[in-house]
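Next come the chains, spelled out residue by residue.
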Amino acid sequence: MTQFSQHNFKNEKVLIRVDFNVPLDEHYNITDDTRMRAAIPTIKKILDDGGSVILMSHLGRPKGGAEDKYSLKHLVNHLSELINQSTNQPVNLIFANDCIGNEAIEKSKNLKSGEVLLLENLRFYKEEEKGDEAFAKKLSKLGDVYVNDAFGTAHRAHASTAVIAKFFPGDKKMFGLLMEKEITNAEKILHNSEKPFLAIIGGAKVSDKILIIENLLDKANDIIIGGGMAYTFFKAMGGHTGNSLCEDDRLDKAKELLKKAEEKNVCIHLPADSIIADKFDANASTSGALSNDIPDGWMGLDIGEMACETFRKVIHHSKTILWNGPMGVFEMKKFQHGTKAVAKAIAEATADGAFSLVGGGDSVAAVNEFDLADKVSYVSTGGGALLEYFEGKELPGIKAIKN
Ligand code: AMP
């Protein structure tokens, strides 16, 4: 497989699948440009080599057909600024109003070295998500080299993320720098972790995290389970969880996971106590309770101080830490203490030499909110893709380049 950094892109037209699915406000201002910034090193390397860049991405969830609010034209000005800053010179950025067809073909044909062409939203064609071969082939005609730098969509077998790769020979398709970094860090966790390896899994639902917990039972020494999903485990063990989130149809599964963990010698840590609330509301009345003894009418919305203390100790004695999902309803100030405590402990363990990877939308939002993003070893740009990776699945976007 060709290494991106080893390849010289001089005079090549490089078609890059990026993930520019950024949030926009009602005036089309970009409210978080993390994903755009993440792709800049890949673009810069190609321009520095003397190649030209053709960018393709999706944005939002168009219903089928073009919709102005999902047009990538809203990204042109900011993208131009980011590229110019990175190259220290004005770069010609051209926009094509369609990702296939005559305009895209003409604009890519006329593209000169050092120039960038941004194609319109791929998902204006339903063929993109269907992984349509003819559509993928049309896209492939626009460039000499295909680079996949969209880790966030690597779990999708879409036309531009996977199918397109078959139209390029082995030495003309590769991962971009972001994708390489994501894969290297995720592999370090899954296949090369220094022990003790701790996985911290939180968030709302057990059903979303069953596969990842199952897969990690073969890799981790400790698993912390926090957030709303913890209560399904407490109920499965005969506890009383009041009005806390609970998936009654997953009680057996929760029991099975606890049994498997015991058999495999993996220590599962559940939050012994909780901050409870009388309603799901930022201004709710709150109190404390043991997580297996929550009164009716009350719900656990954060982990309690005993749990924070236990989790801190586990985090501090770990050498590899994976974190996905908050410990409570951290969007509300009253219920963010547990998530903050865990984030801080991970930052401290990292400063002491542990390798830590934070991934999944909400835990990334949490480390950003607590200003700790640069105090962990790696913050992944992948949500669903990262989860599927840790579930042990081979991601179509990765497979397509490797094969
Ligand atoms: P997920 O997308 O599964 O990682 O879940 C993240 C969401 O879980 C966040 O929006 C949290 O507010 C929510 N959450 C975390 N803990 C709880 C809890 N104890 N009760 C209800 N929701 C929770």
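These remarks concern the structure in this document.

Basis of the calculations
Residues numbered from 1 in each chain as written. Predicted model: local features only at pLDDT ≥ 70, side-chain atom pairs only at ≥ 80, totals over all residues. Heavy atoms only, no water. Near = heavy atom within 4 Å. Polar contact = N/O pair within 3.5 Å; in protein donor to acceptor, adjacent residues only side chain to side chain. Areas by Shrake-Rupley, 256 points an atom, 1.4 Å probe, with all protein chains shown as cover. 1 Å grid on protein atoms, 1.4 Å probe; cavity = no way out; pocket = protein on both sides within 12 Å on 5 of 7 lines; lining within 4 Å. Sits in = over half its atoms within 2 Å of the grid points. Nonpolar A, V, L, I, M, F, W, Y, C, P; charged D, E, K, R; others polar. Points joined across faces, edges and corners; volume = space filled by probe spheres on them. Pairing = 2+ DSSP bridges. Helix = DSSP H or I, 4+ residues; strand = E, 2+ residues; numbered from the N terminus. Axes fitted to C-alpha atoms, helices over the stretch in contact; angles between N-to-C directions. Contact = heavy atoms within 4.5 Å. Salt bridge = Lys/Arg side-chain N within 4 Å of Asp/Glu carboxyl O. Buried < 20%, exposed > 50% of the residue type's maximum accessible area, 1.4 Å probe, protein only.

1. Re the site of the ligand
Part 1 of the argument: By nearness alone, 15 residues border the ligand, and Ala-204, Gly-228, Gly-300, Glu-331 and Asp-362 come closest of all.
Part 2 of the argument: Ala-204 places a main-chain nitrogen or oxygen 3.0 Å from an oxygen atom of the ligand.
Part 3 of the argument: A distance of 3.5 Å is found between an oxygen atom of the ligand and a side-chain nitrogen or oxygen belonging to Asp-362.
Part 4 of the argument: Within the complex, the protein chains bury 80% of what would otherwise be the 500 Å² of accessible surface of the ligand.
Part 5 of the argument: Applying the majority rule of atoms within 2 Å of the grid points places the ligand in the second largest pocket.
Part 6 of the argument: Looking at the shell around the ligand residue by residue, the classes come out as seven nonpolar, five polar and three charged.

2. Focus on empty space enclosed by the protein
Part 1 of the argument: A complete count under the given rule lists one cavity of 30 Å³ or more for this structure.
Part 2 of the argument: As for the largest cavity, its lining consists of Asp-19, Arg-35, Ala-39, Asp-149, Ala-150, Phe-151, Gly-152, Leu-178 and Thr-381.
Part 3 of the argument: By residue class, the composition of the lining of the largest cavity is four nonpolar, two polar and three charged.

3. Remarks on the sheet that holds strand 14 (residues 299-303)
Part 1 of the argument: Within the open sheet, the three strands sit side by side as 12-11-14. Their pairing is antiparallel. Of all strands in the sheet, those with a lone pairing partner are strand 12 (286-290) and strand 14, marking the two edges. On average, each strand axis in the sheet is tilted by 45° relative to the strand beside it, whichever way the strands run.
Part 2 of the argument: As paired elements, strand 11 (residues 273-277) and strand 14 share four bridges and run antiparallel to each other. Following the sheet pairing, Ile-276 is matched in strand 14 by Gly-300.
Part 3 of the argument: Strands in contact with helix 10 (residues 305-316) are strand 11, strand 12 and strand 14; relative to strand 14, the strand with the most contacts, it is inclined by about 40°.

4. A word on the environment of Met-229
Part 1 of the argument: Note on placement: Met-229 falls in the loop between strand 8 (222-225) and helix 8 (230-236).
Part 2 of the argument: C-alpha separation for the pair Met-229 and Ile-201, spaced 28 residues apart in sequence, amounts to 9.0 Å.
Part 3 of the argument: Those residues in contact with Met-229 that sit more than four places away from it in its chain are Ile-201, Gly-202, Gly-203, Ala-204, Lys-205, Val-206, Lys-209 and Ile-213.

5. Some words on the pattern of salt bridges
Part 1 of the argument: Taken as a whole and judged by the stated rule, the model has 24 salt bridges.
Part 2 of the argument: In this structure, Lys-172 engages Glu-12 in a salt bridge whose closest nitrogen and oxygen atoms are separated by 2.6 Å. Highlighted residues: Lys-172 in the loop between strand 5 (145-148) and strand 6 (173-175) and Glu-12 in the segment before strand 1 (13-17), separated in sequence by 160 residues.
Part 3 of the argument: Taking the relative accessible area as the measure of exposure, Glu-12 reaches 11% and is therefore buried.
Part 4 of the argument: When the shortest N-O distance is used, the salt bridge between Glu-263 and Lys-259 registers 3.4 Å.

On their own, these measurements won't tell you what the molecule is for.
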